[in-house]
Amino acid sequence: MMTGMERLKAAINGTPADRIPVFCNLLDQGAGELGMSLEEYYASGECVAEAQLRMCARFGYDNVWSLFYVGKEAELMGCGRMIYAADGPPNVGEMVVRTYDDIDKLTVPDDITAHPAFAEEMKCLRILRSEVGGKQPICAYVTASMTMPAMLMGMEKWMQLLMMGPPEVRDRLLAKCADLCRKRLAAYHELGVDIVVYSNPFGSTDFIPLKFFHELSVPWMERDLASAASAGIVYYCGSARFGAIIDTILDKLALPAFYLSPHDDIAACKTVIAGRALTCGIINDIMLRTWTRDEIRAEVKRIIDAGMPGGHFLFGTLVMPCSIPEESICTMLDAAYEFGRIGTP
Amino acid sequence: MLQRVMRLYADAVLDTDRDRALQVVTDAVEAHVSPEEVVFEIVLPSLESMMTAVSEGQGVSLAQHYMAAQIGAEVVEEMIPRFAARPATVGRVIIGTAPGDFHGLGKRIVTGCLKAMMVDVVDLGLNIPAERFVDEAVARHAQVIAVSTMMLHTALGEGGSLGVRRLLRERGLEGRIRIAVGGAPYRFDPNLYKAVEADAWAENGILAGKVITDLIHEVTP
Ligand code: B12
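Here is what the cut-offs are and how they apply
- Residues numbered from 1 in each chain as written.
- Chains lettered and ligands numbered in written order.
- Predicted model: local features only at pLDDT ≥ 70, side-chain atom pairs only at ≥ 80, totals over all residues.
- Heavy atoms only, no water.
- Near = heavy atom within 4 Å.
- Polar contact = N/O pair within 3.5 Å; in protein donor to acceptor, adjacent residues only side chain to side chain.
- Helix = DSSP H or I, 4+ residues; strand = E, 2+ residues; numbered from the N terminus.
- Nonpolar A, V, L, I, M, F, W, Y, C, P; charged D, E, K, R; others polar.
- Contact = heavy atoms within 4.5 Å.
- Buried area = accessible area lost by both parts, 1.4 Å probe.
- Salt bridge = Lys/Arg side-chain N within 4 Å of Asp/Glu carboxyl O.
- Domains from an automatic or database assignment.
- Buried < 20%, exposed > 50% of the residue type's maximum accessible area, 1.4 Å probe, protein only.
- Pairing = 2+ DSSP bridges.
- Core = buried A, V, L, I, M, F, W, Y, C linked by side-chain atoms within 4.5 Å.
- Axes fitted to C-alpha atoms, helices over the stretch in contact; angles between N-to-C directions.

Glancing now at the site of the ligand. Close to the ligand lie 44 residues, the nearest being Val70, Val92 and Met155 of chain A together with Ser148 and Leu152 of chain B. Between the ligand and Gly183 of chain B there is a distance of 3.2 Å, counted from an oxygen atom to a backbone nitrogen or oxygen. Here an oxygen atom of the ligand sits 3.4 Å away from a polar atom, N or O, in the side chain of Arg187 of chain B. For the shell around the ligand, the secondary-structure elements that each account for two or more residues are β4 (91-92) and α8 (149-153) of chain A together with α5 (105-116), β3 (144-148), β4 (178-182), α9 (184-188) and α11 (205-219) of chain B. A total of four residues in the shell around the ligand trace back to one element, the largest contributor, which is α5 of chain B. Taken together, the residues that form the shell around the ligand break down as 31 nonpolar, eleven polar and two charged.

Below you can see the structure in the form of structure tokens.
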């Protein structure tokens with residue numbers, strides 16, 4: 001049997017494999033796996049690593065995560081409070097930028113890997129590497145500069161600053177966020193992460209008009225990614241659609257993979273990508289909470305039928321909510337393994 | 001002439017150009033367009049034209065919704081005191097985010113759109129318990145309680161829309177007060193509003209304005 005890494009490489013290179021790679025993003029479920037509260041769970045890199053390994057082995061999908069929760073990035077910028085829930089992901093509980101003066105006080109850590117807020121993730125990554133390094137792709141998550149302010153000042157204030165200015169304040173904040181983004185990318189590269197999901201909802205035409213995307217999003221993404229090797233970087237807009245700008249991203253940033261929105265037209269996106277990158281077809285996992293077995297299978301089949309012809313395709317989920325029954329997770333994965341099987345010619 | 005001004009205003013909003021949109025309004029006022037005409041012939045029709053664009057599947061981005069809401073609310077709030085006669089409001093809405101949810105942008109856009117449509121809005125803020133929603137709705141004679149959430153677990157939580165429904169039922173208020181919900185998870189599961197026992201949902205701020213005014217009309221004699 002092939003490993004997850006071999007399947008991923010085969011999908012990227014267009015070489016033979018037993019099936020398409022299947023990514024399943026179980027994060028908060030890890031706490032349940034170990035019978036812990038989310039707060040205890042996320043306090044320990046060992047626990048996160050152990051749960052990631054156990055779930056990956058038990059369900060048989062191809063990836064593991066070093067991501068705990070997205071708000072961790074705000075912790076690197078000085079956020080001292082996370083709000084925990086019993087049945088959902090932790091959220092940033094304190095905005096570090098309350099006035100525009102706070103922007104100048106923000107400090108981007110020089111060495112991300114030495115920051116206390118990164119210590120547990122480092123532990124997690126070391127364990128993942130020693131246990132499944134080279135066998136299962138290890139995924140990390142990095143927020144783009146254009147989206148990061150949402151976690152530092154909140155979406156409301158960020159939208160206001162972004163759309164109404166003053167532009168010099170906006171750019172001072174973006175410059176710090178781009179610095180953070182570059183340093184995080186470099187840290188993950190150094191730590192041997194295989195895949196970095198580069199997350200930028202503000203790089204989606206669901207969020208901003210096309211003109212704005214070209215004038216602002218593209219230059220800031222170029223700054224984020226200037227010193228990074230593009231291998232392993234996956235473009236993702238937080239599940240917002242971005243079919244209309246794939247060509248520009250390929251042209252300007254040459255990213256090797258696109259993690260679409262469940263609302264994107266997979267076949268149309270694949271046509272635009274035209275073998276230049278990996279297309280990731282994504283299921284609307286919020287519906288897994290209520291879909292029947294037949295509905296799940298039909299949806300997985302629809303996605304794979306649209307994306308698999310011609311290869312260079314991966315099947316994936318979003319951030320799976322805790323309320324999805326385990327049986328439905330299994331149904332989805334079994335269907336993906338079945339319909340994603342690649343016959344020998 | 002008003003049609004042309006409306007177009008200019010709508011185009012400026014779609015270009016997310018606040019200064020230009022406000023200039024169009026200022027120029028109109030200087031050319032003796034009345035405050036009533038600014039609201040009813042310029043701001044509201046421009047929102048309606050966006051509504052049509054959205055329902056016809058033409059992409060209107062979040063930034064454009066945001067600008068339409070912000071600018072529209074700003075202009076309407078400035079014009080109303082200048083009306084010849086105090087206008088009757090369409091109705092009153094209590095809005096906030098569900099317990100455990102600290103994401104306020106959706107709520108803010110919906111609020112702006114409602115204000116631009118001459119609906120009174122009481123914004124309770126973030127992380128609001130069901131009791132508070134209901135108590136405020138009663139105290140302020142609101143027809144609709146609007147609950148916004150960004151995550152699935154806060155949408156489904158007992159303290160959110162489900163809790164509001166339970167209290168309305170217990171207190172015999174269901175004939176008087178309607179529940180509207182919205183936010184990211186509803187856009188991924190169009191039936192979610194039923195699971196949380198709400199009366200209606202909408203996928204964006206502009207359609208929220210329509211859905212909520214419809215609910216107001218349902219319970220207004
Ligand atoms: C931008 C975004 C982010 C950004 C910014 C988040 C923030 N606000 O701080 C970043 C990248 C930081 C992020 C992080 C996370 N996110 Co996020 N994110 C999104 C995204 C792409 C858009 C959300 C948003 O802000 N939209 C803008 C607002 C204005 O839109 P809206 O809320 O939909 O509101 C509109 C309508 O819904 C409607 N509306 C809103 N309220 C109401 C109310 C009524 C009554 C009515 C009628 C209408 C209405 O009108 C509004 C205006 O048009 C969505 C996916 C998507 N495509 O929607 C995921 C999404 C919301 N995120 C999700 C998750 C899980 C998270 C995280 C918890 C991940 C994690 N495990 O850490 C973190 C939380 C971060 C934190 N707060 O600490 C999930 C939530 C679903 C779930 N699984 O529970 C989503 C749906 C993505 C997904 N499918 O997996 N996220």
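Read on, since the account is not over.
Listed by partner, the interface residues are 25 residues for chain B and 28 residues for chain A. Of the roughly 2,300 Å² buried between chain B and chain A on both sides combined, carbon and sulfur atoms contribute 67%. Broken down residue by residue, the surface that chain B buries against chain A is led by Leu152, His153 and Phe188 of chain B, which jointly contribute 28%. Our enumeration of links across chain B and chain A arrives at two salt bridges. Between Arg289 of chain A and Asp189 of chain B there is a salt bridge whose closest N-O contact spans 3.9 Å. Every element with two or more residues in the side of chain B that touches chain A is listed here: α4 (62-79), α5, α7 (152-156), α9 and α10 (192-195) of chain B. The class makeup of the residues in the side of chain B that touches chain A is 13 nonpolar, eight polar and four charged.

Our next topic: the domain arrangement of chain B. Residue and element names in this part refer to chain B. As assigned here, chain B comprises domain 1 (2-82) and domain 2 (92-219). Here the C-alpha centre of domain 2 lies 25 Å away from the C-alpha centre of domain 1. By the criterion of area lost to domain 2, the three top residues of domain 1 are Met51, His65 and Tyr66, representing 33% of everything that side buries. Note that Lys115 is salt-bridged to Glu77, the shortest N-O span being 3.4 Å. Our enumeration of links across domain 1 and domain 2 arrives at three residue pairs in polar contact (both at pLDDT 80 or more). Those elements that provide at least two residues to the side of domain 1 that touches domain 2 are α3 (35-55) and α4. Its residues assigned to classes, the side of domain 1 that touches domain 2 shows 15 nonpolar, three polar and one charged.

Here the focus is the pairing of β4 of chain B. Residues and elements named next belong to chain B. The buried fraction of β4 amounts to five of the five residues, a majority that puts the element mostly inside the structure. By the alternation rule, side chains of β4 split into Arg178, Ala180 and Gly182 and Ile179 and Val181, which are all buried. Both β3 and β4 contribute to a ladder of five bridges, which runs parallel. Bridged to Val144 within β4 is Arg178. Here β4 runs beside strand β5 (residues 200-201); their pairing, made up of two bridges, is parallel. The residue of β5 that forms the bridge with Val181 is Trp201.

What follows concerns the nonpolar core. Membership of the largest hydrophobic core comes to 199 residues, with the highest contact counts inside it found for Tyr61, Tyr235, Phe258, Phe315 and Met332 of chain A together with Tyr9 of chain B. Split by domain, the residues of this core number at least three in each of domain 1 (2-82) and domain 2 (92-219) of chain B. If we ignore the near neighbours within four places in the chain, the residues touching Tyr9 of chain B are Ala21, Val24, Val25, Ile42, Val43, Ser46, Ile71, Gly72 and Val75 of chain B. Core analysis: the second largest hydrophobic core is formed by 15 residues, Ile95, Val110, Val121 and Ala146 of chain B among them.

It is worth spelling out the sheet that holds β5 of chain B at this point. Backbone-to-backbone hydrogen bonds join strands into a sheet, with any given pair of strands oriented parallel or antiparallel. Residue and element names in this part refer to chain B. In spatial order, the strands read β2-β1-β3-β4-β5; together these five strands make up an open sheet with parallel pairing. Both outer strands of the open sheet, β2 (120-125) and β5, are each paired with one neighbouring strand and no more. Bridging between strand β1 (residues 92-97) and β2 involves five bridges; their strand directions are parallel. For Ile95, the partnering residue across the bridge sits in β2 and is Asp123. Taken strand by strand, helix α8 (residues 161-170) contacts β3 and β4, and its axis lies near 180° from that of β4.

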